Amino acid sequence: MTAEGFGLFGRETAFRVVADACAAGGQVVVSGAPGVGKSSLLKAAGQIAQRAGRRVLAVSPTRFDQGLPFAGLADLLAQCPPDAADGLPAPQRWALSVALQQVEPDGRVVDPLAMPLAIRSLLTDLCRTEPVTVILDDVQWLDAATAGGLAFALRRLAVASQRLSVLVGVRPEGLRSDLVRTLPEPRRDLDLPPLDEPAIAQLLRRHFGSTWTQAVSAAIARTSGGNPFLALMIAQAMQSDVSRWRWSARDGHDPVFPVPPSLSDVLGEKVALLPAAAREVLLIVSAAGRLSVGQLDKFVGPDRVGAALEAAADTDVAKVGPLQRVVFTHPLLASALYEAATPAERRRVHRLLADSLDDPVERALHRARTITTPDRAVADEIERAATTSAGRGALQLAGELLEAAARATPAAGTRTDRFARWLRVVDTYTLAGDTEAARAALDVLEPLAPDPTARAEAIRRRIDLTRRMPGARALAEQGLALAPPGTEVRNELTTLLGALHRLEGNGAEALRLTGVAVAEARAGKQDAALLRALYGRLTVERHWASGDAARTLGEIDELVASTHDLPGSIVAWTRAFFAPWDDPAAEAPVRREIRSALEAGRYGDLTQLYIALILHLTRSSRLPEARAALEDADRIGAWSLSAFQEQIARGLVAAYAGDLDLARTAVEAATEESRAIESTYWLCAFLAIRGFIETSAGEWQAALYALREVAAVFDRTHMVDLEQSLWAVDYADAALQVGAPDEAARAVEFLRRQGGSGRPEAAVAADRCEALRRAAAGDVDAALRELQRVVDLDGIECPFEAARSRLALGQVCRRAGHKRKSAETLTAAAEVFARLGYPCWAERARAELARSGLHHSGTDLTGNERRVAELVAAGRSNQEVAAALFMSVKTVEAHLTRIYRKLAVRSRTELARRLGL
């Protein structure tokens, strides 16, 4: 296969890249100016993929498809097996049917994640049965619902890279779209440059025969700027008398071509070749985005359609494609045809479509383009269509329709009506994730507020779009001053202001405000608001060891027991989030709520549920289960609502598992973002994880750099607890390693405060760190007694921290010269760390064991292992040991592998020294 074989000249390198992706998987982004050849390259790629036995799903939208919700997805699904969606979970299958208008919404709200998850599930299932190539041309015109769903699905698709290839064509201005930016690796980016003169000459000869001389072809190449589409248009316009232009070129001058040298003008010239009657018919197609021949027949009659399509084929403007749809030979021609029409002609066509199409959303889209002055009836129709669009999961389009409805609402109407419409616009854009559009709508909304309550509602929305904590807090205070007592917005702002103070480290004010919110919600019998306020108060009570957390938990239980319509997910994740590490009742409810959320399609609940589960599992030293939960969360797409919580989970699991580079990557950007938004809470959370990462790596100064900042925040804010993190243990460890006993004493005080807040494991950790500090000061005997007491405690520390206590005891025993005791204790610690899945800490224990110069002579080695070890240490070869013990050489090698691991040795010489031989 060659590029020229597909009519692609001057594109050999780009052709090889897309051919490789079609054969072996991977992602390719092809960018370039309009007409430069992106579509031609992608069409060739589709043929290559089909020849390679891959299923090809190709979408080539026009600019008018942008307004059709899930138009691109409908095209993709039309190329899938008929039963492709049958295996989807029920909420995803239902959301897909609603979005594609196969069933009508039944009043249920489609969770924004349902459609992206359905797209991901479909692609995953397809890739399991056959390799798949997805081709997305002119991505800048792909409808927002499809683009958002694909962006979500592709970056989370858990399939082997060779099973999927994604080829994207986009104009340069579209390179920053979410879909393009989030394509997974492996990925190649191709920027198609203009063609050189020989390539243009080959192109013209391929399309128009051999009458084109090199001089004329070179002149066309220069005039078109190397744009192949423009070159073809110029050449087509010259077809009537090629000899005329050949003569001019032979005189050494570029011809004055019969078309202007710009793409838009050339397209206009090409459209102008159509008879007026054909232009009128094709204008309907360009305005609609997509129409079948049958639909056109109903609009204007078969005779007119037949004549128009014949003229379109003769001028190479449009043709009849798959599913009897009328398609333009190049997407730009649809735009040129639409732009060439007068405003009155466009309105007339949109009015025809609005009166004739069946789908209410499409009708409303066209109706919005027909009005020149506000019209209440039109505004009401568009608003109803927006509700339908939101019910189908196309939130971005719903926001655009609501905005059109708001703008179509006459100013003579009540301010309350107009305010309510613009409020829906803001909320819908925010839910869709389009913060820029939401801010623009807020600018219109705020002057329309008819009373203080409405102004407070507008401010509440502005807070959601404010990045920095101080700015958000100032807005909340402003809104609270406006909101009348007893209103829901006042309670919401009070709770929110308390949360903002908590995130900034202002514990006393946070506790006061959450207490006010609880009292006001209870007085107003606002159960949902009361639950939010109680959770806010509980969080502050835990962090600052103030108030009565047990009482607040009891109030939450009473509220849930007496109210049937409160979400169980809030209670489940709250309990798991704050539960002690050994609470046997914490895990089951949160797993149950995860299953329930998935079954019901409540995907927005998953972020909080999964972070609570993963934190509980890591605190309980159940790392394999925590890692499995993280993989499930990634697969399901649970992190859409909070990048911070995702990085907390990812950083913790990677740090404990020993993948320290991955852990650093997870928390570095989040740390800087926390600084940028001035969130004390999030900054401390990520610095604490960074401290643990560097302690695990033995990078003591780096650990101190992070943990000193946490300590300074705790001193300034008087915070006591941070999601049960024992960050001060790492602070003490690093301080003692660099010879800073005063800082270790400071760390012990932090642990004492945390232990006094109802965390007994923190109190035990304080005793351990204090013992290590005393050992460093020379009081070894007292330190040994205290560490032995800590190690003998049962069930207070989680298994990981209990193993750290054994490690500490072994370290002090070694320094005290109790080598055998040290070896026993360090061996036990290493085995626990290894069994739990903490390789960095197992290695640290083994390194300490190696310094002790002894092995543990108890039952660590089996009888056979002991005999093998003694013979090898005495200098026997593996073959000699095998012969002496009547074993195979492979069995001896297997025994040696286990012996080396158990005794933390790496050579026969070390083994002999460990056994004292």
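Residues numbered from 1 in each chain as written. Predicted model: local features only at pLDDT ≥ 70, side-chain atom pairs only at ≥ 80, totals over all residues. Heavy atoms only, no water.

Novice: Please explain the overall build of the protein chain as it appears in this structure.
Specialist: When helices and strands are tallied, the protein chain shows 47 helices and 7 strands. Referenced to the eigenvectors of the C-alpha coordinate spread, the extents of the protein chain come out at roughly 105 × 80 × 50 Å. Across the 917 residues of the protein chain, 56% fall into the buried class. Within the protein chain, residue pairs in contact and separated by at least 24 positions form 66% of the contacts whose partners lie at least 6 positions apart. Carbon together with sulfur atoms contributes 51% to the accessible area of the protein chain, which is approximately 38300 Å² in total. (Helix = DSSP H or I, 4+ residues; strand = E, 2+ residues; numbered from the N terminus. Buried < 20%, exposed > 50% of the residue type's maximum accessible area, 1.4 Å probe, protein only. Contact = heavy atoms within 4.5 Å. Areas by Shrake-Rupley, 256 points an atom, 1.4 Å probe, with all protein chains shown as cover.)

Novice: Looking at this model, I keep getting lost on the sheet that holds strand 3 (residues 132–136). Mind explaining?
Specialist: Backbone hydrogen bonds are what pair the strands of a sheet, in a parallel or an antiparallel way. On the basis of which strands lie adjacent, the open sheet formed by 5 strands has the order 2-3-4-1-5 and parallel pairing. Of all strands in the sheet, those bounded by a partner on one side alone are strand 2 (55–59) and strand 5 (187–191). Ignoring strand direction, the axes of neighbouring strands in this sheet form an average angle of 10°. Direction of pairing for strand 1 (residues 26–31) relative to strand 4 (residues 164–170): parallel, over a ladder of 6 bridges. Directly across from Val28, in strand 4, lies its bridge partner Leu167. (Pairing = 2+ DSSP bridges. Axes fitted to C-alpha atoms, helices over the stretch in contact; angles between N-to-C directions.)

Novice: Could you clarify how one ought to interpret the packing of helix 23 (residues 452–464) against helix 24 (residues 469–482) in this entry?
Specialist: Packed helices, taken two at a time, are described by their axes: the angle between them and the distance between them. At a minimum axis distance of 8 Å, the contact between helix 23 and helix 24 shows a crossing angle of 165°. Our classification of the angle between helix 23 and helix 24 gives roughly antiparallel. Helix 23 and helix 24 meet at a crossing whose hand is left-handed. In contact with Pro452, Arg455, Ala456, Ile459, Arg462 and Ile463 of helix 23, helix 24 contributes Ala472, Leu475, Ala476, Gln478, Gly479 and Leu482. (Parallel < 35°, antiparallel > 145°, perpendicular 65-115°, else oblique. Left-handed = near helix turned anticlockwise from the far one by under 90°.)

Novice: I tried to follow the environment of Ser620 on my own but got confused; where do I start?
Specialist: Inspection of the secondary structure puts Ser620 in the loop between helix 31 (606–619) and helix 32 (623–636). The class for Ser620 is buried, based on a relative accessible area of 6%. Each C-alpha atom of the pair Ser620 and Asp583 lies 9.1 Å from the other, and the pair is 37 residues apart in sequence. Residues in contact with Ser620, not counting those within four places in the same chain, are Trp581 and Pro799.

Novice: Is there a simple way to think about the pairing of strand 3 in this case?
Specialist: Working note: regular strand, side chains alternate between the two faces of the sheet. The element strand 3 is extensively covered by neighbouring structure, given that 5 of its 5 residues are classed as buried. Here strand 3 shows no split at all, with Val132, Val134 and Leu136 on one side and Thr133 and Ile135 on the other all buried. Across 5 bridges, strand 2 lies against strand 3 in parallel orientation. What sits directly across from Ala58, in strand 3, is Ile135. With 5 bridges connecting them, strand 3 and strand 4 associate as parallel partners. Looking across to strand 4, one finds that Leu136 is bridged to Val168.

Novice: When you look at the nonpolar core in this model, what are you seeing that I'm missing?
Specialist: Proteins that are soluble and globular tend to have nonpolar side chains buried together. Trp727 and Phe833 are the most contacted members of the largest nonpolar core, which has 211 residues in total. Excluding residues that lie within four positions of it along the chain, Phe833 makes contacts with Phe800, Ala803, Arg804, Leu807, Tyr838, Trp841, Ala842 and Ala845. In terms of nonpolar packing, the next biggest core, distinct from the first, is built from 54 residues, Leu195, Ile220, Ala231 and Val305 among them. (Core = buried A, V, L, I, M, F, W, Y, C linked by side-chain atoms within 4.5 Å.)

Novice: For this particular structure, what's the right way to read the packing of aromatic side chains?
Specialist: Aromatic ring pairs are described here by two measures, namely the spacing of the ring centres and the angle between the planes. This structure, assessed with the given rule, holds 22 aromatic pairs. With centroids separated by 4.6 Å and ring planes inclined at 50°, the aromatic side chains of Tyr656 and Phe692 adopt a geometry described as tilted. On the criterion of sequence distance, the pair formed by Tyr656 in helix 33 (residues 643–657) and Phe692 in helix 35 (residues 680–697) is long-range, its members being 36 residues apart. Centre to centre, the rings of Tyr656 and Tyr838 are 5.4 Å apart; their planes meet at 55°, and the pair counts as tilted. (Phe/Tyr/Trp six-rings, centres within 6.5 Å; stacked < 30°, edge-to-face > 60°.)

Novice: Would you mind going over the side chain of Glu555 with me for this structure?
Specialist: For Glu555, the location among the structural elements is in helix 28 (residues 549–562). In contact with Glu555, not counting residues within four places along its chain, are Arg522, Leu534 and Arg537.

Novice: What is the right way to look at helix 13 (residues 276–288) in this model?
Specialist: Because an α-helix packs 3.6 residues into every turn, residues spaced three or four apart end up facing the same way. When the terminal C-alpha atoms of helix 13 are compared, their 19 Å separation across 13 residues agrees well with the 18 Å that a helix rising 1.5 Å per residue should span. When we look at burial in helix 13, the residues that qualify are Ala278, Val281, Leu282, Leu283, Ile284, Val285, Ser286, Ala287 and Ala288. Backbone geometry just after helix 13 places Gly289 at a positive phi near 95°. (Expected span 1.5 Å × (residues − 1).)

Novice: Where do I start with the environment of Leu809 in this structure?
Specialist: Within the secondary structure, Leu809 is located in helix 41 (residues 799–816). Placed 38 residues apart in sequence, Leu809 and Ala771 show a C-alpha to C-alpha distance of 9.3 Å.

Novice: Sorry if this is basic, but what is going on with the confidence of the model for the protein chain here?
Specialist: Reading fine detail from the predicted coordinates is not recommended where pLDDT is low. Overall, the predicted model of the protein chain reaches an average pLDDT of 86, with 93% of residues at or above 70. Confidence drops under pLDDT 50 across residues 243–256; counting only partners more than four residues distant or on other chains, this segment forms 17 contacts. Counted against residues more than four places away or in other chains, residues 855–859, with its pLDDT under 50, gives 10 contacts. (pLDDT = per-residue confidence, 0-100.)

Novice: I tried to follow the state of the cysteines on my own but got confused; where do I start?
Specialist: Put plainly, two cysteines are in a disulfide when a covalent bond ties their sulfur atoms together. Scanning all chains against the criterion turns up 0 disulfides. In this structure Cys80 is a free cysteine whose sulfur lies 10 Å from that of Cys127, the closest cysteine sulfur available. Judged by its relative accessible area of 12%, Cys80 is buried. (Disulfide = S-S within 2.5 Å.)

Novice: Could you clarify how one ought to interpret the pattern of salt bridges in this entry?
Specialist: Close approach of charged atoms lets side chains of opposite charge pair. One pass over the full model with this rule turns up 59 salt bridges. A salt bridge links Glu555 to Arg522, with the shortest nitrogen-to-oxygen separation between them at 3.1 Å. Linking Glu555 in helix 28 with Arg522 in helix 26 (residues 507–523), this pair joins segments that are 33 residues apart in sequence. The class for Glu555 is buried, based on a relative accessible area of 17%. Salt-bridge contacts for Glu593 lead to Arg602; the nearest nitrogen and oxygen are separated by 3.4 Å. Residue Glu593 is classed as buried on the basis of its relative accessible area, which comes to 16%. Taking the relative accessible area as the measure of exposure, Arg602 reaches 29% and is therefore partly exposed. Residues participating in the shared-partner salt-bridge network are Asp730, Asp733, Arg768, Glu797, Glu801, Arg804 and Arg844. (Salt bridge = Lys/Arg side-chain N within 4 Å of Asp/Glu carboxyl O.)

Novice: Please explain helix 35 as it appears in this structure.
Specialist: For helix 35, spanning 18 residues, the distance from its first C-alpha to its last is 26 Å, which sits close to the expected 26 Å at 1.5 Å a residue. A large share of helix 35 lies buried, amounting to 16 of its 18 residues. The positive-phi residue at the C-terminal boundary of helix 35 is Gly698, with phi of around 75°.

Novice: How do you make sense of unusual backbone geometry when you look at a structure like this?
Specialist: In terms of backbone geometry, most residues other than glycine have negative phi values and most peptide bonds are trans. A positive phi angle is found at Asp138, which is not glycine, with a value near 50°. Tracing the chain through its elements places Asp138 in the loop between strand 3 and helix 6 (144–155). Positive phi outside glycine occurs at Asp316, with the angle close to 60°. As for its placement among the helices and strands, Asp316 is situated in the loop between helix 15 (302–314) and strand 6 (318–320). Given the relative accessible area of 39%, Asp316 is considered partly exposed.

Novice: What is the right way to look at the packing of helix 20 (residues 395–408) against helix 21 (residues 415–432) in this model?
Specialist: With their axes 8 Å apart at the nearest point, helix 20 and helix 21 run at an angle of 160° to one another. The pairing of helix 20 with helix 21 is recorded here as roughly antiparallel in orientation. The two elements helix 20 and helix 21 cross, and the hand of that crossing is left-handed. Facing Leu395, Gln396, Ala398, Gly399, Glu400, Leu402, Glu403, Ala405, Ala406 and Arg407 of helix 20, the residues of helix 21 in contact are Arg421, Trp422, Arg424, Val425, Thr428, Tyr429, Leu431 and Ala432.

Novice: Looking at this structure, I do not really get the side chain of His366. What am I missing?
Specialist: As for its placement among the helices and strands, His366 is situated in helix 18 (residues 360–368). Of the residues examined, His366 reaches a relative accessible area of 3% and is grouped as buried. Leaving out residues up to four positions away in the same chain, His366 has contacts with Ala287, Ala288, His350, Leu353, Ala354 and Leu357.

Novice: Can you help me understand the environment of Ala449 in this one?
Specialist: Along the chain, Ala449 falls in the loop between helix 22 (435–445) and helix 23. With a relative accessible area of 8%, Ala449 lands in the buried category. For the pair formed by Ala449 and Trp422, sequence separation is 27 residues and the distance between their alpha carbons is 10.0 Å. Apart from residues no more than four positions distant in its own chain, Ala449 is found in contact with Arg415, Phe419, Ala454 and Arg455.

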